[in-house]
Structures are given as C-alpha cells and as structure tokens.
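# Report on the structure
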Amino acid sequence: MDAVKCSVCGKELDPKNARTCEICMKTICLDCLGYFAIYKRSVYKDYEDLVPVCPSCKPKAMLSRKLLRIVDEVFGGEKK
Ligand SMILES: [Zn+2]
Ligand SMILES: [Zn+2]
C-alpha cells in the first residue's frame, strides 16, 4: 500500500482525496488545496477554469508565466 502524504501539512491521505498542484505537481490534501481561476481560450469560446494549486504556488500562479504554460499545455496546438 502506498501511503500518500500531503506535501503541505504532512497529513496522510486517502489516495482518492489526494490532489495534485498543477504547478509544482506536489500532492496536497483537500484542506490545503486552493483553486486558481485561469482564463482560457478555445476555438469556440473563452471561459474560466479552476485549477488546483498548493498554497505556496497560489501567489506564484497569480504572477508568473507558468500560468500561460498551463494554458498552452491544455490547448496544445490549437493556438494560433
Ligand atoms: Zn494538507
Ligand atoms: Zn504547488
């Protein structure tokens, strides 16, 4: 059995309650999880999406270009 631990508070988690930070890819529990709204553009419409981020990445997410990277990864070659 794999013990899954939250990388923020160290709590052991049920794997089904574990979430992954979209930016640093660390495992985080639901208590520590934050969401960050990003604006995405698709061929049909623009919309907001919520991505799970850990507390230490949340401020980064608001500032950094990594956000753009996430959008690029999600939409891959769709962008012009
Ligand atoms: Zn936690
Ligand atoms: Zn993170």
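First, a word on scope: everything that follows refers to the structure included in this document. Since the structure is predicted, the reported quantities are computational estimates derived from the model, not experimental observations. (Residues numbered from 1 in each chain as written. Chains lettered and ligands numbered in written order. Predicted model: local features only at pLDDT ≥ 70, side-chain atom pairs only at ≥ 80, totals over all residues. Heavy atoms only, no water.)

### Re the coordination of the zinc ion (ligand 1)
Note on the zinc ion (ligand 1): its protein donors are Cys6 (SG), Cys9 (SG), Cys29 (SG) and Cys32 (SG). The metal-donor distances range over 2.2 to 2.3 Å. For the zinc ion (ligand 1), the four donor atoms are set out with angles of 103 to 114° between them, so the coordination reads as tetrahedral. In primary sequence terms, the donor set of the zinc ion (ligand 1) follows C-x2-C-x19-C-x2-C. A residue pair is termed long-range when its members are at least 10 positions apart, and Cys6 in the loop between β1 (4–5) and β2 (12–13) and Cys29 in the loop between β4 (27–28) and β5 (34–41) qualify at 23 residues. Across this residue pair, the class does not change: Cys6 and Cys29 are buried. (Donors = N, O, S within 2.8 Å, 3.2 Å for Na, K, Ca; no water. Tetrahedral: all angles 85-135°; square planar, octahedral: opposite > 155°, others 65-115°. Helix = DSSP H or I, 4+ residues; strand = E, 2+ residues; numbered from the N terminus. Buried < 20%, exposed > 50% of the residue type's maximum accessible area, 1.4 Å probe, protein only.)

### A word on the pairing of strand β6 (residues 46–53)
Looking at chain direction, β5 and β6 are connected through eight bridges and run antiparallel. Looking at β6, one finds that Ile38 is bridged to Asp49. In this antiparallel pair of consecutive strands, β5 and β6, the connection spans four residues. (Pairing = 2+ DSSP bridges.)

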